[in-house]
Amino acid sequence: MDNQEYVEPVPEKRPGFGKGVAAGVLITLLLVSIMAGGILLGVRAGNQRKAAKNSGEESSKKAVLEEKVEKKSGDIADLIDQYYYEEIDENALVEGMYEGMVNGLGDPYSSYFTAEEYASFNDTTTGIYYGIGAVLTQNINTKIVTILHVYPGTPAEEAGVKDGDVVVKVGEIEGDSMELSELVNHIKGEEGTKVHLELLRAGEEDHVELDVERRKIEVPTVQYQMLEGDTAFIQVSEFSNSTPEQFSEAIKEMQAQGMKSMIVDLRDNPGGVLKSVCLMLDELLPEGLLVYTEDKYGERTEYRSDAECMEIPMAVLINENSASASEIFAGAIKDYEYGTLIGTTTFGKGIVQTIIPMEDGSAVKLTMAKYFTPKGNDIHGVGISPDIELEYEYLEKDETYNPMHDNQVQKALEILQKEE
C-alpha cells in the first residue's frame, strides 16, 4: 500500500484496559446484538410470528461467531490501549462502535445518534430549536453541505446567509467532514451566542465569512400568498410535526380570501415525518389509501384518508430535490388524479426510516420498509415523473423571489385557469 508507515518488531504487550472494562463493554454489546439476531430483530422481539427459529446448526454457527467477535474485539482494544499515542477516550470508543455497527449496513439512510445528536434531531422534527433559521442539505456521496433555504426574519437572513451557499466551515470544523445531523449540532447552540460560518457563494471569488447569532427558531415550514385568479400559492419547505397545523391554517386563510384553486410548491423539500404528510393528504383527498409500506417480512402497513376532502383545481410543483415525504404527497395526488404535477422528476427515495430510542437517550435510525404509492408504484431510485416536464427558469432579476416571475408557477396558473 502506498504511503503506509509501519514499525517492526511489535513490542512486548504492556498492561492496560485491554480485555478489561472498555473492551468488556464493547464485546458485551456486540454479543447482545448478535444473540438478539441484530438490532432489527431485537426491536421486533416478542413478535412470535416473525421470530426466526434457530436450528442446532445455526446455533453452533452463532456460537463460533460470538467467540470470534469476542476475541477480535479484545485484541483490537488491547492494541489501542498499548500503542495509540494519545490519551484514550473510552466513551468515544464505545460510541464509535455503535456507529460502526450501523454504518456496517452500508445504508446511507441508517445511522446511530448519540444522546446529544438525538435531542438535536428531535428539535428539528418538532419545528422549534435554538439556531440560525436555515434548512441545510447534504450530498449523500460527497458530504458537501448546502444552504437549501433561509427563512425570512431569522438570524441567518439578517446576517446575509443566502440560499445555495455551500458550507465550507462551521467554526473550525470542515463542512464536509461529518454527517449533517452532527454538523447541525455545531451550528445550533445556546441562545444569544454566535456561530462563525465560512461559505462558498456562486459569483464570489473569496469565501464569505459571517457571524450568525443563535436564537429561538420556530420554523415556518409553510408560507402562502394569493396569486392572480384567486389561486393560492402554498410553499411547503419540509414536513415537521408542526407542518400539518401550519398547512391547515394556510388553507383556511386562503379560503377566507376567496381561493378558487391551489398551487402546492414542494420543490427542494427534502421530506420529513410520514405522519405529517399523511395528515395533510387526508385534508385534501377523498376516502382511500394514501400510501402503504412493506417491511422485510412482507408485512404491509396502510395509511388512509377519510371521506372529507377538498374538491379544488390543484397543481403541485416538484423537482429533483423533492424527496421522501414530498414524493408521498406527489405520488398520492398523481394516483388519485387530483392535481397536475409540474417540474422535473423527483429524487427517488422510496424507503422509510424509523427512529428507535435507546434507554440512555441515544437512538438508532434504521431503514425498515419500502413505501408504495396508492397504485402500488415503487419509486425508490426512480422518482416520480411530472405530468408536465418543465425545467425551472426565473424570468426576471428581482432581488427577492416573486412567484409571478417563476416559469413553473406561470405554467401552473395557466393549467389551473383552464380547469376552473
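Residues numbered from 1 in each chain as written. Predicted model: local features only at pLDDT ≥ 70, side-chain atom pairs only at ≥ 80, totals over all residues. Heavy atoms only, no water.

## Overview of unusual backbone geometry
Most peptide bonds adopt trans geometry, and most residues besides glycine take a negative phi value.
Argument step 1. Located in the positive-phi region is K143, a residue other than glycine, with phi close to 65°.
Argument step 2. Overall, the relative accessible area of 26% leaves K143 in the partly exposed class.
Argument step 3. Residues other than glycine seldom take positive phi values, yet E337 does so here, at roughly 55°.
Argument step 4. Positionally, E337 belongs in the loop between α10 (325-335) and β16 (340-343). (Buried < 20%, exposed > 50% of the residue type's maximum accessible area, 1.4 Å probe, protein only. Helix = DSSP H or I, 4+ residues; strand = E, 2+ residues; numbered from the N terminus.)

## Describing helix α11 (residues 407-419)
Argument step 1. In this model, α11 (13 residues) spans 19 Å end to end at C-alpha, consistent with the 18 Å of a helix rising 1.5 Å per residue.
Argument step 2. Regarding α11, the residues found buried are N407, Q408, V409, A412, L413, I415 and L416.
Argument step 3. Against the buried residues of α11 lie β10 (222-227), β11 (231-236), β12 (261-265), β15 (314-318), β16 and β19 (388-389). (Expected span 1.5 Å × (residues − 1). Contact = heavy atoms within 4.5 Å.)

## Side note on the packing of helix α8 (residues 243-256) against helix α9 (residues 274-284)
Argument step 1. Where α8 contacts α9, the axes come no closer than 8 Å and their chain directions differ by 25°. Here α9 runs roughly parallel to α8, going by the angle between their axes. Helix-helix and strand crossings are classified by hand; for α8 and α9 the assignment is right-handed. The residues of α9 that touch α8, namely those facing T243, P244, F247, S248 and I251, are S276, L279, M280, E283 and L284.
Argument step 2. For the contact of α8 with α9, the per-class residue count stands at 6 nonpolar, 3 polar and 1 charged. (Axes fitted to C-alpha atoms, helices over the stretch in contact; angles between N-to-C directions. Parallel < 35°, antiparallel > 145°, perpendicular 65-115°, else oblique. Left-handed = near helix turned anticlockwise from the far one by under 90°. Nonpolar A, V, L, I, M, F, W, Y, C, P; charged D, E, K, R; others polar.)

## Section: the sheet that holds β15
Argument step 1. Taken in spatial order, the 6 strands of this open sheet run β10-β11-β12-β15-β16-β19, and their pairing is mixed. Where the open sheet ends on each side, the last strands, each with one partner, are β10 and β19.
Argument step 2. Relative to β16, β15 runs parallel, the two sharing 4 bridges. The residue of β16 that forms the bridge with A315 is T340. (Pairing = 2+ DSSP bridges.)

## Description of the pattern of salt bridges
Argument step 1. On inspection of all chains with the given rule, the structure shows 14 salt bridges.
Argument step 2. Between R215 and E158 there is a salt bridge whose closest N-O contact spans 3.1 Å. Placement of the pair is R215 in strand β9 (residues 215-218) and E158 in helix α6 (residues 155-159), with a sequence separation of 57 residues.
Argument step 3. Among the residues examined, E158 registers a relative accessible area of 53% and is labelled exposed.
Argument step 4. Here D265 and R267 are joined by a salt bridge, their closest N and O atoms 2.9 Å apart.
Argument step 5. Residue classification places D265 among the buried residues on the basis of a relative accessible area of 6%.
Argument step 6. Members of the salt-bridge network, linked through shared partners, are E158, E213 and R215. (Salt bridge = Lys/Arg side-chain N within 4 Å of Asp/Glu carboxyl O.)

## A closer look at the packing of α9 against α10
Argument step 1. Two elements in contact, α9 and α10, have axes separated by 9 Å at closest approach and are oriented at 25°. If you check the angle between α9 and α10, you find them roughly parallel. Once α9 is placed against α10, the crossing between them reads as right-handed. Of α10, the residues touching α9 (which contributes L274, V277, L281 and L284) are A325, I328, F329, A332 and I333.
Argument step 2. Residue composition of the contact of α9 with α10, grouped by class: 9 nonpolar, no polar and no charged.

## Describing the environment of D387
Argument step 1. Among the secondary structure elements, D387 is positioned in the loop between β18 (363-372) and β19.
Argument step 2. For D387, a relative accessible area of 42% puts it in the partly exposed group.
Argument step 3. Sequence separation of D387 and V316 is 71 residues, and the distance between their C-alpha atoms is 9.8 Å.
Argument step 4. Filtering out sequence-adjacent residues up to four positions away, D387 remains in contact with K334, G339, T340 and L341.
Argument step 5. In terms of polar contacts, D387 uses its side chain to reach the backbone amide nitrogen of L341, at 2.8 Å. (Polar contact = N/O pair within 3.5 Å; in protein donor to acceptor, adjacent residues only side chain to side chain.)

## Let's talk about the confidence of the model for the protein
Argument step 1. Across the protein, pLDDT averages 85, with 85% of residues at or above 70.
Argument step 2. Contacts from residues 1-54, a stretch scored under 50 in pLDDT, to residues over four places away or in other chains number 71 contacts. (pLDDT = per-residue confidence, 0-100.)

## A closer look at the environment of L290
Argument step 1. Relative to the elements of secondary structure, L290 occurs in strand β13 (residues 288-295).
Argument step 2. Along the chain, L290 and F329 lie 39 residues apart, while their C-alpha atoms are 8.5 Å from each other.
Argument step 3. Setting aside chain neighbours within four positions, we find L290 in contact with C278, L281, D282, L285, Y303, R304, S305, A332 and P374.

## Observations concerning the pairing of β15
Argument step 1. Burial analysis of β15 places 5 of its 5 residues in the buried class, the great majority of the element.
Argument step 2. Here β15 shows two buried faces, one formed by M314, V316 and I318 and the other by A315 and L317.
Argument step 3. The sheet contact formed by β12 and β15 spans 4 bridges and is parallel. Looking at the pairing, M262 lines up with M314 of β15.
Argument step 4. With α10 bridging β15 and its parallel neighbour β16, the resulting β-α-β unit is right-handed. (Right-handed = clockwise from strand over helix to strand, strands pointing away.)

## Brief notes about α10
Argument step 1. The buried fraction of α10 is high, at 10 of 11 residues.
Argument step 2. Along α10, the positions that sit buried rather than exposed are A325, S326, E327, I328, F329, A330, G331, A332, I333 and D335.
Argument step 3. Contacts from the buried residues of α10 go to β12, α9, β13, β15, β16 and β18.

## A few points about the packing of aromatic side chains
Aromatic ring pairs: the centre-centre distance and the angle between the two ring planes describe each pair.
Argument step 1. For the structure shown, the criterion picks out 5 aromatic pairs.
Argument step 2. An angle of 65° between the planes, with centres 5.3 Å apart, marks the rings of Y84 and Y85 as edge-to-face.
Argument step 3. Of the residues examined, Y84 reaches a relative accessible area of 45% and is grouped as partly exposed.
Argument step 4. Taken together, a centroid distance of 6.5 Å and an interplanar angle of 40° make the contact between F113 and Y118 tilted.
Argument step 5. The ring of Y292 is capped by R300, whose NZ or CZ atom sits 3.6 Å from the centre of that ring.
Argument step 6. The ring centre of Y109 lies 4.8 Å from the NZ or CZ of K349, which sits over that ring. (Phe/Tyr/Trp six-rings, centres within 6.5 Å; stacked < 30°, edge-to-face > 60°. Lys NZ or Arg CZ within 6 Å of the ring centre and 35° of its normal.)

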